[in-house]
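Chain residues, written in single-letter form:
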Amino acid sequence: MLNEFFNLPPSPVQEIFDDTLSENQVRLFVKRDNLLHSSISGNKFRKLKYNFFKIKELECQKIVTFGGAFSNHIQATAAAGKYFGIETIGIVRGERTEPLNSTLHFAEHCGMKLHFFSRSDFRDKDLIIKQMEEELGDFYFLPEGGSNSLAVRGCMEIVEEIDSQMPFKPDYFCTACGTGGTLAGIIAAAKSSQKVIGFSALKGAFLERDVQRLLDIEEDIPCKNWQIIDDYCFGGYAKWQPELIHFINDFKRKHSIILDPIYTGKMFFGIFDLLKKRFFRPNITIVAIHTGGLQGIEGFNQMKLKKSGFKIE
Ligand SMILES: *Cc1c(COP(=O)(O)O)cnc(C)c1O
């Protein structure tokens, strides 16, 4: 059952066309991982894959994981747990507010048990894990965002698929990043001639260390040329400015591709800004990973944009 569920045909690679691209003589392809699966979108599917194989091997009955109130990872873990009949427990940052937002409502509907911890208590994850051990006994622990070495292995398959789908090797891979597991997987699978850019959804240099730590577990990584750019995080996680929302709506009109405001919207905004700044040499090709995350838009529109009059269409 696991094999059938997790071994899907490759998500499409789609070229997009735009004046900014042709002026720069740059070709931009989008790896549409948002189309990979209907309820477990994009990189969360990749990150859960080998974790679920491990859970089956260990015959674990429960998963404990962490996430924010709009977390795509919480949503994905809840959906996969329900599908495979494994109990899921989600530790959520912040207070419980009723009605639950659409992400948490979905998670609870899948049978996930939600535990809420204040922002300050949430930081002490070791203490929470200890509490959970006392309460629940044995469980499989998935770190926040699902980023561990098995997630890295799953995300390597993004690049392996692209290799099999494209007749030439792209010069750059771009991805959005939060906890860095996806970026680590792409770096681990890239060739020495290729460059990888992670567009951070939040501020902070800690991410580079986290990615390095995930890479240290792997052996012999040929790709040395990677960097994390946090210039396009719009001030932090889930922060935004009207120009980001304009960009996302405009991108949808032009390319019929929906972007989310937390991750992929910021990455594509960053790619196009770098193009305008002549960051990329002419005659190069970029593959940007659409990591999914579209389930979060509804909650974002409700929470953040309602008051401002802006809306992701
Ligand atoms: C979770 C998520 C990311 C970040 O992935 P990490 O591996 O945590 O860096 C990027 N994009 C989307 C859409 C996500 O849901």
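Please read all numbers here as calculations on a predicted model, not as lab measurements.

**So, the packing of aromatic side chains**
- Under the definition given, this model contains 26 aromatic pairs.
- Taking 5.1 Å as the distance between ring centres and 75° as the angle between the ring planes, the aromatic pair formed by Phe234 and Phe269 counts as edge-to-face. Of this pair, Phe234 sits in the loop between strand E9 (226-229) and helix H11 (242-255) while Phe269 sits in helix H12 (residues 264-276), and the two are 35 residues apart along the sequence.
- Under the relative-accessibility criterion, Phe269 is labelled buried at 13%.
- Seen in terms of ring centroids, Tyr237 and Tyr263 are 6.1 Å apart; in terms of plane orientation they differ by 70°. Their pairing is edge-to-face. Residue Tyr237 is found in the loop between E9 and H11, and its partner Tyr263 is found in the loop between H11 and H12; the two are separated by 26 residues along the sequence.
- Here the aromatic residues Phe5, Phe6, Phe45, Tyr50, Phe52, Phe53, Tyr83 and Phe84 are joined through ring pairs into a cluster of three or more.
- Taking NZ or CZ as reference, Lys125 lies 5.6 Å from the ring centre of Phe66, over its face.

**Some points on the pairing of strand E3 (residues 62-67)**
- Within E3, six of the six residues are buried, which leaves it mostly tucked inside the rest of the structure.
- Burial along E3 is two-sided: Lys62, Val64 and Phe66 facing one way and Ile63, Thr65 and Gly67 facing the other are all buried.
- Relative to strand E4 (residues 87-93), E3 runs parallel, the two sharing six bridges. Bridging across to E4, Gly67 finds its partner in Val92.
- Tracing the backbone out of E3, into helix H4 (residues 72-84) and back to the parallel element E4 gives a crossover that is right-handed.
- Bridge analysis of E3 against strand E6 (residues 140-142) gives three bridges, and the strand direction is parallel.

**Section: the UniProt feature "domain: Tryptophan synthase beta chain-like PALP" (unreviewed entry) in the protein chain**
- As recorded in UniProt, the feature "domain: Tryptophan synthase beta chain-like PALP" (unreviewed entry) lies at residues 23-292.
- Taken as a whole, residues 23-292 contains 45% helix and 18% strand, while its terminal C-alpha atoms sit 28 Å from one another.

**Overview of the nonpolar core**
- If you look at the biggest cluster of nonpolar residues, it comprises 41 residues, and the most contacted ones within it are Leu28, Phe199, Phe268, Ile271, Phe280 and Ile286.
- Those elements that provide at least two residues to this core are strand E2 (26-31), strand E7 (172-177), strand E8 (195-200), H11, H12, strand E10 (284-289) and helix H13 (296-305).
- For this core, the element with the most residues is H12, which contributes seven residues.

**Re the domain arrangement of the protein chain**
- Along its sequence, the protein chain is organised into domain 1 (2-38 + 148-305) and domain 2 (42-146).
- With 34 residues of domain 1 at the contact, the number on the domain 2 side is 27 residues.
- Carbon and sulfur atoms make up 61% of the area that domain 1 and domain 2 hide from each other, which totals about 2,800 Å².
- When residues of domain 1 are sorted by the area they lose upon contact with domain 2, Leu2, Phe6 and Gln295 head the list and together hold 27% of the total.

The rules behind each value
- Residues numbered from 1 in each chain as written.
- Predicted model: local features only at pLDDT ≥ 70, side-chain atom pairs only at ≥ 80, totals over all residues.
- Heavy atoms only, no water.
- Phe/Tyr/Trp six-rings, centres within 6.5 Å; stacked < 30°, edge-to-face > 60°.
- Helix = DSSP H or I, 4+ residues; strand = E, 2+ residues; numbered from the N terminus.
- Buried < 20%, exposed > 50% of the residue type's maximum accessible area, 1.4 Å probe, protein only.
- Lys NZ or Arg CZ within 6 Å of the ring centre and 35° of its normal.
- Pairing = 2+ DSSP bridges.
- Right-handed = clockwise from strand over helix to strand, strands pointing away.
- UniProt positions renumbered as here; feature names shortened; annotations may be inferred.
- Core = buried A, V, L, I, M, F, W, Y, C linked by side-chain atoms within 4.5 Å.
- Domains from an automatic or database assignment.
- Contact = heavy atoms within 4.5 Å.
- Buried area = accessible area lost by both parts, 1.4 Å probe.

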